[in-house]
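Understanding the architecture of this molecule
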Amino acid sequence: MGSEDVLRSASTLASYNVLLQVMFRILTFFLNAFTLRFVSKELIGVVNVRLMLLYSTLVFLSREAFRRACLSGGGEDSNWRQNINLLWLTFPLGCVWGVLLVGVWAFVLQAPDPQAVPHYLPAVCLFCWAAMQELLAEPLWVLAQTHMLVQLKVIAESLAMVAKCIVTVVTVVCAPLWGLYIFAAAQCVYSGFLVLCYVVYFTRFLGSAEAEKKGFPLQSITETLPGRTQGESMINLKLARLTWSFFKQSFLKQILTEGERYVMTFLNVLNFGDQGVYDIINNLGSMVARFLFLPIEESFYVFFAKVLERGQTVHQQKQGEVAMAADVLECLLKLVLVIGLIITVFGQAYSHLALDIYGGDLLSSGTGPSLLRCYSAYVLLLAVNGITECFTFAAMSKEEVDRYNFVMLGLSVCFLLLSYWLTGLLGGVGFILANCCNMSLRIAHSLVFMHRYFKASPYTPLVGLWPRPALLGSLAVSYALTTVSESVLCCDGGWLLRLVHIAVGGVCLLGVMATAFVTETRLVEFIKSQLLPRYSKKHT
């Protein structure tokens, strides 16, 4: 597959992933709004913070390193028998992590009040089981991602999410006294559906005429199981060493990614009710980051990993592919920067209104609006960091990845200390400020790497971080107008004034987008040609 084909496939994958994440966030958005009417905020806190932390920790530590290594080295010329054997190590590793984590969650951490939050211990075991189920699909997931089967992930995760929502809604309405059993059962259904969809798809796809046309390396579903290799080692030792490097890094990255939940879980800086409110606002604030930025990061990591030779300098790469990578990187940086600035500016004047509509006084009173305003600024850093690390991790050599592990270790320690200190001073806002500090340091490290990488070349992709003055001016005017509008019109004067406040924001947003369309012509062309599905289909 040529670099142009890889770019088109990565762009299509990004578009489908964005669509998928939009649907996920919308479903989760309404699901949370619905369940808030039936369960306590303490129950929400236990599920969304403690139990989902168990799930994400087990899954991430078991598979993330294998994913990154095999996506980097799982090209068309690789030995897929060795790769599949390596990927199946995620399951026994998950079993080890499962035993350790269940022991900690069940017997070390303070259990919630059984009267307010019943069935805690069985729920811990069920969430662990759901995570183990999801690991069974890992070899199939990597196969699909490597060979750009872009629709499979969308279909599988969509069906799984719909099934999870149905189970949650039905059980919350019909059996609200089941407590944590409701959410544990829904999570098991989600992971089970996910595995089932991948198995059914590959059972039908492998050996078909379509698979032969694409030159797929496997012929039947049984070849996705671990097995012996003829005349070679069971696993690719080079990929195994790279996996170990990523594994050390993934442990630290998980602490940085879920750091505030670890602090809340292990240091008890907030009670379960406050954890529930913080997590709801955190999910609202991160919606755009999750359904837009993360899919773009994942998809274009695949692009950069395939186009660039890991650990090679600019002059050692194929110059045509370096030029393409630099051009794509510049446009991606400009794209996420513009979106992040818009969210930061408009989030200041519309956080209180959004929370009042979504959760009433439960969310809009107290520190809720301040949390969401801070998070809207944090989204800008999340957006930029996602793209800078996407490129950096794809271009780093194994030795550079190992050295970066020590940087991540230092960041992890600083983050945990800063989170604990700032939370004691500022409550939930302290978590967001600590995340901002760490994200800024990670961005700085990636920018230094990228500057050195392109220093001896004519390419300057970092100019993507400099928006046009006219765009900055339109954002400044919008901030001033919406701030005045909020102080005059929102949010105690009734729905008519609220609608006027929303209309003011809509007009300002249209002005910003029109300015971006006129001044950022190169970015607009990139979005049209690479990110919108209808344009991708034209080129394909």
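See the structure above.
Residues numbered from 1 in each chain as written. Predicted model: local features only at pLDDT ≥ 70, side-chain atom pairs only at ≥ 80, totals over all residues. Heavy atoms only, no water.

**Quick notes on the overall build of the protein chain**
- When helices and strands are counted, the protein chain shows 22 helices and zero strands.
- Over its C-alpha atoms the protein chain spans a radius of gyration of 23 Å, differing by no more than 12% from the 24 Å that the globule rule assigns to 540 residues.
- Dimensions along the principal axes, computed over C-alpha positions, put the protein chain at roughly 75 × 55 × 45 Å.
- Out of the 540 residues in the protein chain, the part that is buried amounts to 57%.
- Sequence-distant contacts, at least 24 apart, represent 83% of the contacts inside the protein chain between residues at least 6 apart.
- Surface accessibility of the protein chain: about 23,000 Å² in total, with carbon and sulfur atoms responsible for 67%.
- For the protein chain, the centre of its 38 positive side-chain charges and the centre of its 34 negative side-chain charges are spaced 2 Å apart. (Helix = DSSP H or I, 4+ residues; strand = E, 2+ residues; numbered from the N terminus. Rg over C-alpha atoms; globule rule 2.2 N^0.38 Å. Buried < 20%, exposed > 50% of the residue type's maximum accessible area, 1.4 Å probe, protein only. Contact = heavy atoms within 4.5 Å. Areas by Shrake-Rupley, 256 points an atom, 1.4 Å probe, with all protein chains shown as cover. Lys, Arg positive; Asp, Glu negative; His and termini not counted. Charge placed at Lys NZ, Arg CZ, Asp CG, Glu CD.)

**A word on the nonpolar core**
- If you look at the biggest cluster of nonpolar residues, it comprises 164 residues, and the most contacted ones within it are Leu 180, Tyr 198, Phe 202, Phe 216, Phe 300, Phe 304 and Phe 391.
- By residue number, the principal contributor to this core is helix α14 (residues 319-359), which donates 23 residues.
- Discounting chain neighbours no more than four positions away, the residues touching Phe 304 are Ala 325, Val 328, Leu 329, Leu 332, Cys 390, Phe 391 and Ala 394. (Core = buried A, V, L, I, M, F, W, Y, C linked by side-chain atoms within 4.5 Å.)

**Things to note about the layout of surface pockets**
- Space inside the second largest pocket adds up to approximately 720 Å³.
- Considering the residues around the second largest pocket, the lining is formed by 24 residues, among which Ile 343, Phe 346, Gly 347, Tyr 350 and Ala 354 are closest to the centre.
- Looking at the lining of the second largest pocket, the elements with two or more residues in it are α12 (272-285), α13 (287-307), α14, α16 (368-395) and α20 (495-519).
- The biggest single contributor to the lining of the second largest pocket is α14, with 11 residues. (1 Å grid on protein atoms, 1.4 Å probe; cavity = no way out; pocket = protein on both sides within 12 Å on 5 of 7 lines; lining within 4 Å. Points joined across faces, edges and corners; volume = space filled by probe spheres on them.)

**Brief notes about the side chain of Gln 254**
- Within the fold, Gln 254 resides in helix α10 (residues 237-257).
- A relative accessible area of 2% means that Gln 254 is categorised as buried.
- A distance of 3.4 Å separates polar atoms of two side chains, one belonging to Gln 254 and the other to Tyr 262. (Polar contact = N/O pair within 3.5 Å; in protein donor to acceptor, adjacent residues only side chain to side chain.)

**A closer look at the side chain of Gln 133**
- Turning to its location among the elements, Gln 133 is positioned in helix α5 (residues 120-135).
- Residue classification places Gln 133 among the buried positions, given a relative accessible area of 18%.
- Excluding residues that lie within four positions of it along the chain, Gln 133 makes contacts with Cys 188, Ser 191, Gly 192 and Val 195.

**Points about helix α11 (residues 259-267)**
- In terms of burial, α11 is a largely internal element, seven of the nine residues being buried.
- If you check which residues of α11 are buried, you get Gly 259, Glu 260, Arg 261, Tyr 262, Val 263, Met 264 and Thr 265.
- Positive backbone phi, approximately 55 degrees, marks Asn 268, located one or two places after α11.

**Here we look at the packing of α5 against helix α8 (residues 180-205)**
- In the contact formed by α5 and α8, the axes pass within 8 Å of each other and the chain directions differ by 10 degrees. Looking at the two axes, α5 sits roughly parallel to α8. Of the residues in α8, those touching α5 at Tyr 120, Pro 122, Ala 123, Leu 126, Phe 127, Trp 129, Ala 130, Gln 133 and Glu 134 are Leu 180, Tyr 181, Phe 183, Ala 184, Gln 187, Cys 188, Tyr 190, Ser 191, Gly 192, Leu 194 and Val 195.
- Along the lines of polarity and charge, the residues of the contact of α5 with α8 split into 15 nonpolar, four polar and one charged. (Axes fitted to C-alpha atoms, helices over the stretch in contact; angles between N-to-C directions. Parallel < 35°, antiparallel > 145°, perpendicular 65-115°, else oblique. Nonpolar A, V, L, I, M, F, W, Y, C, P; charged D, E, K, R; others polar.)

**Some remarks on unusual backbone geometry**
- Positive phi, normally seen in glycine, also occurs at His 119, with a value near 65 degrees.
- When you line up the elements, His 119 lands in the loop between α4 (90-108) and α5.
- Residue class for His 119 comes out partly exposed when judged on its relative accessible area of 31%.

**Things to note about the packing of aromatic side chains**
- Tallied over the entire structure, the rule returns 14 aromatic pairs.
- With a centroid separation of 5.7 Å and 90 degrees between ring planes, the pair formed by Trp 105 and Phe 266 is classed as edge-to-face. Of the two residues, Trp 105 is situated in helix α4 and Phe 266 in helix α11; the sequence distance between them amounts to 161 residues.
- Judged by relative accessible area, which is 1%, Trp 105 ranks as buried. (Phe/Tyr/Trp six-rings, centres within 6.5 Å; stacked < 30°, edge-to-face > 60°.)

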